[in-house]
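Architecture and fold: a report
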Amino acid sequence: MYRNLNDLVGVGLASRVELGDHVGRFESRADRPKADREHPHFLCNHCGEVVCLPTLKIPMLGKASSQIRDVQDVVLRGRCASC
């Protein structure tokens, strides 16, 4: 199963998300418009829930954004409303 998921990532039908907890998560790219395929995630530090967030501009990058070529993933961490 894991090998099949990696094959789907290889052909662009899925993406792998690493959230720093050594658990690989996969999500379909086929059901999202092309502009929304790369998007940030929220990870609840308490219950572990992962939520896809809409595409965001990150104003704190400022001038550094011209020095960044390829961002692989953005993860916001905190506590969800349920916790």
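Everything below is about the structure printed above this text.
So, here is what we can say about the structure in this document. Computed from a predicted model, the values in this text were never measured in an experiment.

Looking only at helices and strands, the protein has one helix and five strands in total. Sequence-ordered secondary structure for the protein, helices as α and strands as β, is α-β-β-β-β-β. Buried residues in the protein amount to 17% of all 83 residues. Within the protein, contacts between residues separated by at least 24 positions form 40% of all contacts whose residues are at least 6 apart in sequence. For the protein, the exposed area adds up to about 6500 Å²; of that, 55% sits on carbon and sulfur atoms.

If you trace the three strands from one edge of the open sheet to the other, you get S4-S3-S5, paired in mixed fashion. The open sheet has two free edges, formed respectively by strand S4 (50–52) and strand S5 (75–78), since each of these has just one partner strand. Across the sheet, the axes of successive neighbouring strands diverge by a mean angle of 20°, strand direction being ignored. As paired elements, strand S3 (residues 41–44) and S5 share four bridges and run parallel to each other. For Leu-43, the partnering residue across the bridge sits in S5 and is Arg-77.

The rules we used
Residues numbered from 1 in each chain as written. Predicted model: local features only at pLDDT ≥ 70, side-chain atom pairs only at ≥ 80, totals over all residues. Heavy atoms only, no water. Helix = DSSP H or I, 4+ residues; strand = E, 2+ residues; numbered from the N terminus. Buried < 20%, exposed > 50% of the residue type's maximum accessible area, 1.4 Å probe, protein only. Contact = heavy atoms within 4.5 Å. Areas by Shrake-Rupley, 256 points an atom, 1.4 Å probe, with all protein chains shown as cover. Pairing = 2+ DSSP bridges. Axes fitted to C-alpha atoms, helices over the stretch in contact; angles between N-to-C directions.

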